[in-house]
Amino acid sequence: MTLMSSIFEEKLRSNLSPSCFPTSSEKYFHDPRGQLGFLGLVIAPEKVDEVSFILSNCNQERVPVVPYGGGTGLVKGQLFSGMNRPVIISLERMKKIRGVYPNENTLVAEAGAILSDVKAAARKVDRLFPLSIAAEGSARIGGNLATNAGGTNVLRYGNTRDLCLGLEVVFPDGRILSDLSRLRKNNTGYDIKNLLIGSEGTLGIITAATLKLAPQPAKEGTAFFVIPSPKEALSLLSLARTYLGENISTFELIHRQGLEFLQEKIPDVRIPFAELPEWVVLIDIGVPRHFDPIAILIDLYEEGQNTQIVSNGWIAQSQRERDQFWSVREHIPEANRKIGAISTHDISVPITMIPEFVSSANKEMVKLGDFRVNCFGHIGDGNLHYDIFPAHGKTREYYQDIEACIQKVVYDLVTDMEGSISAEHGIGRLKVKELECYCDSTKLAVMKQIKQTVDPNGIMNPGAVISCETC
């Protein structure tokens, strides 16, 4: 990497429209958790040719480039931490919906389109773009693809990778890959698209994508079911699949600790339980019009009680109640932030291993000290957020010396169970050392070879995913 000279900056400014340079750039240098990055030159191109011009010139001068979507990432992938001033390419002005094809169940969107706007464009033609994350009002589809975002609907529809058919991408040398295929079957060589999805801007910049749509469920239903432990949650999931097949959209595990945090920090969120349960499952279903979702959930509840899987339950009787139920789940991360975690873990294990992981991890935490543990997440796809918080009356600073030990215990357990240290948030710059420690050595070596081949000058998001000692 080299320092960005004033001559180089002037070259970019003189060849690009003044509208490409935001008048205020403060928001690009910090993330939702308040972590700060190095300052850089922010450029917001409007056309793919402008992205190509910027990248090719940065590549020639070896100036680092940081792609920027909605800035909602939680692993510092959008925050440069090297020694040199980078070019930060924001996709915010590339936000067009280029085409909607309801009979094909596809939509073509530019990378800067906000996720909620993509979902709204699908709804206009009675279709569903099913990616569902808390930050959908600010996250941009390019960032969702770059990080292979997950969310609450992965059980039914898959990760973002599963929702993409084609990409338009600009590589570091300025070459443009125009492969916005709308085809479901296309066996023409290597699948470059799936290599780029999840690469976190380290191989190129996604500028547009062809996305899969799905039919809108005709009727939906939502319920909370109280279960004794994660073991019974898996039994309930199996029972629900018997009743509903693939019509289960969401199956979320919530622990009592998360509900207590809500009561403490966001008391306006209405919790439907008079007495907080130890464990509860939020289930959301979408069914064809000739089915009654409430009747199905009642049958499921009764069968769960008969088999001693479920001890209590609440089934939403209106859209308002559905929204209230979902508000509980959606506000848990915010309550967590207000409490202030010692260590957070976005992990996944095979779903049959979840009860063993939770039990083993809890026992290890007791050995390490006095903590509050909030375990919640997408149990239907094996993704848990296992987060450690200070005991009452203590702050996270009290535990600074033990944070690394907590993380190692959790990641060692995950690895022993053939799980992943990053389920849906990515690696970014926050987990690079952990990836090197826990990743299969052959996989890591191949990743580095790919990086060297595609980005030999190392300008693309240096320090993210792949370690960069010289940037």
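Look up: the structure comes first, before these words.
A quick note: this is a predicted structure, and the numbers were derived from the prediction, not measured.

Draft legend 1. Spatial organisation of unusual backbone geometry. Non-glycine residue Asn105 carries a positive phi angle of around 55°. As for its position among the elements, Asn105 is in the loop between strand S4 (97-101) and strand S5 (106-110). Here Asp126, not a glycine, exhibits a phi torsion of approximately 60°, which is positive. Relative to the elements of secondary structure, Asp126 occurs in the loop between helix H3 (115-124) and strand S6 (127-128).

Draft legend 2. Region of interest: helix H11 (residues 354-368). End to end, H11 covers 21 Å across 15 residues, agreeing with the expected 21 Å (1.5 Å per residue, within 8%). Inspection of H11 places Ile354, Phe357, Val358, Ala361 and Met365 among the buried residues, and these make up the whole buried set. Angularly, the buried residues of H11 cover 95° about the axis, an arc narrow enough to put them on a single face. Projecting away from the buried face of H11 at angles above 90 degrees are the exposed residues Lys363, Val366 and Lys367. Where H11 is buried, its residues touch helix H7 (230-244), strand S13 (279-287), strand S15 (346-348), strand S16 (371-378), strand S17 (383-390) and helix H12 (403-416).

Draft legend 3. Seen up close, the side chain of Glu232. Among the secondary structure elements, Glu232 is positioned in helix H7. One buried charged side chain, Glu232, makes no salt bridge at all; its nearest oppositely charged neighbour is Lys231, positioned 5.7 Å away. Those residues within four positions of Glu232 in sequence are excluded, and the remaining contacts are Ile227 and Ile309.

Draft legend 4. Fine view of H3. For H3, the set of buried residues is Leu115, Val118, Lys119, Ala121 and Ala122. Across the axial projection of H3, the buried residues extend over an arc of 155°, all falling on one side. The inward-facing, buried residues of H3 contact S4, S5, S6, helix H4 (141-147) and strand S9 (205-212). Directly beyond the C-terminal end of H3, a positive phi value near 60° is found at Asp126.

Draft legend 5. Structural detail: the pairing of S17. For S17, a buried count of eight out of eight residues is recorded, marking the element as mostly surrounded by other parts of the structure. Bridging between S15 and S17 involves three bridges; their strand directions are antiparallel. When the bridges of S17 are listed, Asp346 appears paired with His385. Here S16 folds back onto S17, and the loop between the two strands holds four residues, one of which, Gly382, carries a positive phi near 80°.

Analysis parameters
- Residues numbered from 1 in each chain as written.
- Predicted model: local features only at pLDDT ≥ 70, side-chain atom pairs only at ≥ 80, totals over all residues.
- Heavy atoms only, no water.
- Helix = DSSP H or I, 4+ residues; strand = E, 2+ residues; numbered from the N terminus.
- Expected span 1.5 Å × (residues − 1).
- Buried < 20%, exposed > 50% of the residue type's maximum accessible area, 1.4 Å probe, protein only.
- Arc of directions from axis to C-beta.
- Contact = heavy atoms within 4.5 Å.
- Lys, Arg positive; Asp, Glu negative; His and termini not counted.
- Salt bridge = Lys/Arg side-chain N within 4 Å of Asp/Glu carboxyl O.
- Pairing = 2+ DSSP bridges.

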